[in-house]
Amino acid sequence: MSKRIWRRVLGSRRSEEVYVARCSGTTKKGTQCRLKAMEGSDYCAIHITEDPRAPSGSEAIEELESRLTEKMKTILGFGIAAGIVLSALIKKS
Ligand SMILES: [Zn+2]
């Protein structure tokens, strides 16, 4: 009895894992992409431009670029802060 229930639980879990969609994109080798699809899409971040339902490839790239610049700004900010600290340390010694 309990074994059957367990099997059912495991079975449903397995099918859910299959349902958490894998990217429908194809790699350069011609095999299916192994990455997890993004929410609301059948494609991962790399292959999102292949998604016919996506708003447009350029929009996705723009979003990616804005995220990148945001990251770069953060890195730059850290760099500037580190520079200020370093120069202060040099002045002290
Ligand atoms: Zn992919």
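Rules of the game
Within each chain, residues carry numbers counting from 1 in the order of the written sequence. It should be noted that, the model being predicted, local features are given only for residues of pLDDT at least 70 and side-chain atom pairs only at 80 or more, the latter also being counted only at that level, while totals for whole chains, interfaces and linings use all residues. Under the scheme used here, helices are H or I runs from DSSP no shorter than 4 residues and strands are E runs no shorter than 2 residues, and both carry numbers assigned from the N terminus. Put plainly, a residue is buried at 20 or more neighbouring C-beta atoms within 10 Å of its own, exposed at 12 or fewer, and partly exposed in between, counting only other residues' C-beta atoms, which are placed from the backbone. Remark: residues whose backbone-derived C-beta atoms lie within 7 Å of one another are considered to be in contact. Throughout this description, the term nonpolar core refers to a group of buried Ala, Val, Leu, Ile, Met, Phe, Trp, Tyr and Cys residues whose C-beta atoms join them within 7 Å.

Draft legend 1. Main features of the overall build of the chain. Per the secondary structure count, the chain includes two helices and zero strands. Going through the 93 residues of the chain one by one, you find that 8% of them count as buried.

Draft legend 2. Molecular detail of the environment of E50. Relative to the assigned elements, E50 resides in the loop between α1 (2-19) and α2 (57-92). Judged by the 17 C-beta atoms lying within 10 Å of it, E50 falls in the partly exposed class. When the C-alpha atoms of E50 and T26 are compared, they prove to be 9.3 Å apart, with 24 residues separating the residues in sequence. In contact with E50, other than residues within four places in its own chain, are G25 and Y43.

Draft legend 3. Here's a closer look at the nonpolar core. Counting five residues, the largest nonpolar core is built from C23, A37, Y43, C44 and I48. If near-sequence neighbours (up to four positions away) are discounted, C44 is found in contact with C23, G25, C33, L35, K36, A37 and M38.

Draft legend 4. Region of interest: the environment of H47. Here H47 lies in the loop between α1 and α2. The class for H47 is buried, based on 20 C-beta atoms found within 10 Å. For the pair H47 and S24, spaced 23 residues apart in sequence, the C-alpha to C-alpha distance is 8.0 Å. For H47, the contacting residues outside a window of four places in its chain are C23, G25 and C33.

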